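Spelled out from the first residue to the last, the chains are:
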Amino acid sequence: MEDTVEDLYQQLIMERARAPHYAGRLVRIDGEAEGDNPMCGDQVHVMFASGDGDVVQEFAHQTRGCAICIASADLLGDVVLGRHLDEITSTVDAFEEMIRTGTRPTRSEFDKLAAFAGVHAYRSRRRCATLAWQAARSAIIRMMEAHHG
Amino acid sequence: MSVATALPGLDVERIREDFPILAERVHEKPLVYLDSAASAQKPRVVMDVMARTMEKQYANVHRGLHWLSERCSDAYEGARDRVARFLNAEREEIVFVRNATEAINLVSYTFGHTALEPGNAVAVSQMEHHANLVPWQMLRDARGIELRIVRVTEAGEIDFGDLERVFADRRVKLLAITHMSNVLGTYTPVERLVAFAHAHGAQVLVDGAQAVVHRRVDVRALGVDFYVFSGHKLYGPTGIGVLYGKRTLLQSMPPFLGGGDMIGSVSYERSTWAEPPYRFEAGTPAIVEAIGLGAAIDYIEAIGFDAIATHERVLTDHALRTLSDISGLKIIGNAQDRGGIVAFTLDRIHAHDVATLLDKQGIAVRAGHHCAEPLARRFGVDSTARASFGIYTTRSEIDLLAAGIERLKKVFS
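Conventions adopted
- Residues numbered from 1 in each chain as written.
- Chains lettered and ligands numbered in written order.
- Predicted model: local features only at pLDDT ≥ 70, side-chain atom pairs only at ≥ 80, totals over all residues.
- Heavy atoms only, no water.
- Phe/Tyr/Trp six-rings, centres within 6.5 Å; stacked < 30°, edge-to-face > 60°.
- Helix = DSSP H or I, 4+ residues; strand = E, 2+ residues; numbered from the N terminus.
- Buried < 20%, exposed > 50% of the residue type's maximum accessible area, 1.4 Å probe, protein only.
- Pairing = 2+ DSSP bridges.
- Axes fitted to C-alpha atoms, helices over the stretch in contact; angles between N-to-C directions.
- Contact = heavy atoms within 4.5 Å.
- Salt bridge = Lys/Arg side-chain N within 4 Å of Asp/Glu carboxyl O.
- Arc of directions from axis to C-beta.
- Domains from an automatic or database assignment.
- Buried area = accessible area lost by both parts, 1.4 Å probe.
- Polar contact = N/O pair within 3.5 Å; in protein donor to acceptor, adjacent residues only side chain to side chain.

Digging into the packing of aromatic side chains
Residues and elements named next belong to chain B. Under the counting rule described, the total for this entry stands at 15 aromatic pairs over all chains. Between the aromatic rings of Phe 86 and Phe 229, the centroid separation amounts to 6.1 Å while the plane-to-plane angle is 70°, which identifies the pairing as edge-to-face. Of this pair, Phe 86 sits in helix H3 (residues 67–87) while Phe 229 sits in strand S9 (residues 226–230), placing them 143 residues apart in sequence. Since its relative accessible area comes to 0%, Phe 229 is described here as buried. Ring geometry for Tyr 109 and Phe 256: centres 5.9 Å apart, planes at 35°, overall tilted.

Shown next, in the form of structure tokens:
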């Protein structure tokens, strides 16, 4: 199994599922959203802090779910910190496109995120990978609306 | 002789040859199919009968005055006779529907909307499939009928003390209950439940989707008022299911859907209804599928329920023993009378990961709440992995499952 399992349960995914870097709550929250998958009970809560600006300064998530779900919520943190809100929504789009098609985008932030490309082959697991990202999009859109009225 | 063929009563290796799909490979591994409770695989004889019907004898039923239609009607009505004998019912008591879900909805929309009145109550158990919960919630909301939930014990059995409490004011007029839980594997004591409900002035609908696969069901001996099941779990095709209803009850019920075949006569002003079972079969039915179901029942009865029940008991005992030895594995439910469905959790490994990592080894199990979300919550879990067995399941497949679980635990260690 060890060799055939690599396309889905890559080392990076297992590491971040076991010991997520961004699990927890933020003290100051400028944007947040929850996502849940009633089919399996997976729940994710993503939180962002951006001060008064459009750049994400802090990120945290509370995720209850499978390894794919937890790892994808955590790797979201790697790509949002220090980035503009509108850049993030385009990364979220590209991530969802990758899960849908199985094709890895050429953008540099996908060096690590490409670990999830294998999820495409598992229709029933795609939602596990995108749950946190969809929640992030709703949170960020609300933050942008709040900032720019 | 292999371990698999040493099971008493049933020559599993010979049975496996009847199921072409069992020779398939998944991820380059031999298929180990442990998801029969979701849908069973089909024996060659069912496929052959369906193909032969379409090749030689197919036309619409009950309509044409031509030879093909007559032959096809004979075969379709022959399937109804076959189902009636299978359940020890009269043919007029057998309504063909799409599946068990549709059968329950039919009863809810007809019996529920006419025989039940606002202020009456329907009781279901905590371990119902959504198919035997949601239609009653819809009836409750449409008709002001109360829906009461009978608790199950930690072992996964009906809590008879709670049943008495639920029925105490005699407002419950229908008990709708599973014959076998699709999560816990629990068989419910249907005869005892029927006696209890009837003594309290309630009728009984039994969801037999799981049980009918493993045990002989005699609706007269059980005393049930309604019994429902799906063809596709009984090694038959999808798209065909059965509602058994006592003749007097079916006669008192209005139609479910309107259309062709369910009428007596039609004018622009009004129509009269056909007698049961046709009153409940509007439109062209699943003709080929009904004939396929008849063939599946022939196949099962040729094997015999004594052998099938013994096989299930041996497999279940083996699975419970083998899986219990795996550290961190917890089996949900521990009923005394339980069958070939085992739902479990693994410490720190989500059921979805379990299912995917087993799939990588060619082992098909289900993961999730198995369409019984409130039951999962009752047992304090979000989701479980579930292995379920059929007549073609072998002891060595259960050993492969156990070995597969040990291997996937290493990925997470």
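That covers the picture; the talk isn't over yet.
A word on the sheet that holds S9(B)
Residue and element names in this part refer to chain B. Pairing within the open sheet is mixed, and its seven strands lie in the order S4-S10-S9-S8-S7-S5-S6. In this open sheet, the two edge strands, each paired with only one partner strand, are strand S4 (94–97) and strand S6 (146–150). If you compare each strand with its neighbour and ignore which way they point, the axes differ by 20° on average. Relative to strand S8 (residues 203–207), strand S7 (residues 172–178) runs parallel, the two sharing five bridges. Bridge pairing links Leu 174 to Gln 203 in S8. Docked against the sheet, helix H4 (residues 100–109) engages S4, S8, S9 and strand S10 (241–245), running at close to 150° with respect to S9. Sitting on the sheet, helix H8 (residues 190–199) touches S7 and S8, and the angle it makes with S8 is about 155°.

Looking at the pairing of S8(B)
Residue and element names in this part refer to chain B. When you tally the buried positions in S8, you get four out of five residues, the bulk of the element. For S8 and S9, the ladder comprises three bridges, and the chain directions are parallel. Counterpart to Val 206 in the pairing with S9 is Tyr 227.

Some remarks on the pairing of strand S17 (residues 384–388) of chain B
Looking down a regular strand, the side chains alternate between one sheet face and the other. Residue and element names in this part refer to chain B. Counting buried positions along S17 gives five out of five residues, so the element sits mostly inside the fold. Going residue by residue along S17, you find Thr 384, Arg 386 and Ser 388 tucked away on one face and Ala 385 and Ala 387 tucked away on the opposite face as well. Alignment of strand S14 (residues 341–346) against S17, held across four bridges, turns out to be antiparallel. Residue pairing across strands places Ile 341 opposite Ser 388, the latter belonging to S17. Direction of pairing for strand S16 (residues 366–368) relative to S17: antiparallel, over a ladder of three bridges. Looking at the pairing, Ala 367 lines up with Ala 385 of S17.

Focus: the sheet that holds strand S2 (residues 42–49) of chain A
Residue and element names in this part refer to chain A. Taken in spatial order, the three strands make up an open sheet running S1-S2-S3, and their pairing is antiparallel. On the outer flanks of this sheet lie strand S1 (31–37) and strand S3 (58–64), each paired with one strand and no other. Taking the axes of each pair of neighbouring strands and ignoring which way they run, one obtains an average angle of 10° across the sheet. Where S2 and S3 come together, seven bridges link them in antiparallel fashion. Paired with Ala 49 across the two strands is Glu 58, which belongs to S3. Strands in contact with helix H5 (residues 126–148) are S1 and S2; relative to S1, the strand with the most contacts, it is inclined by about 150°.

Structural notes on the pattern of salt bridges
For the structure on display, the rule yields 41 salt bridges over all chains. With its nearest N and O atoms 2.9 Å apart, the salt bridge here joins Arg16(A) to Asp78(A). With Arg16(A) in helix H1 (residues 11–18) and Asp78(A) in helix H2 (residues 67–80), this residue pair connects regions lying 62 residues apart in the sequence. For Arg16(A), a relative accessible area of 4% corresponds to the buried category. Its relative accessible area of 25% is what places Asp78(A) among the partly exposed residues. Salt-bridge contacts for Arg215(B) lead to Asp337(B); the nearest nitrogen and oxygen are separated by 2.8 Å. Of this pair, Arg215(B) sits in the loop between S8 and helix H9 (219–222) while Asp337(B) sits in the loop between strand S13 (329–331) and S14, and the two are 122 residues apart along the sequence.

Here we look at helix H6 (residues 134–143) of chain B
A turn of α-helix holds 3.6 residues, and therefore any two residues three or four places apart point the same way. Residue and element names in this part refer to chain B. Of the residues making up H6, those classed as buried are Pro 135, Trp 136 and Leu 139. Mapping the buried residues of H6 onto a view down its axis gives an arc of 95°, with all of them on the same face. Phi for Gly 144, located one or two positions after H6, is positive at around 70°.

Digging into the environment of Ala131(B)
Residue and element names in this part refer to chain B. Along the chain, Ala 131 turns up in the loop between strand S5 (121–125) and H6. Overall, the relative accessible area of 11% leaves Ala 131 in the buried class. The contacts of Ala 131, once residues within four sequence positions are left out, are Thr 101 and Ile 104.

What about the domain arrangement of chain B?
Size of an interface, as often reported, equals the accessible area lost when the parts are brought together. All names here are of chain B. Under the domain assignment used here, chain B contains domain 1 (4–30 + 305–412) and domain 2 (48–301). Its C-alpha centre places domain 1 at a distance of 28 Å from the equivalent point of domain 2. Approximately 2700 Å² of surface area, both sides summed, lies buried where domain 1 meets domain 2, with 57% of it carried by carbon and sulfur atoms. Scanning the region where domain 1 abuts domain 2 turns up two salt bridges. Residues Glu 154 and Arg 378 are paired through a salt bridge, measuring 3.1 Å at the closest nitrogen-oxygen approach. Counting the contacts that link domain 1 with domain 2 gives 20 residue pairs in polar contact (both at pLDDT 80 or more).

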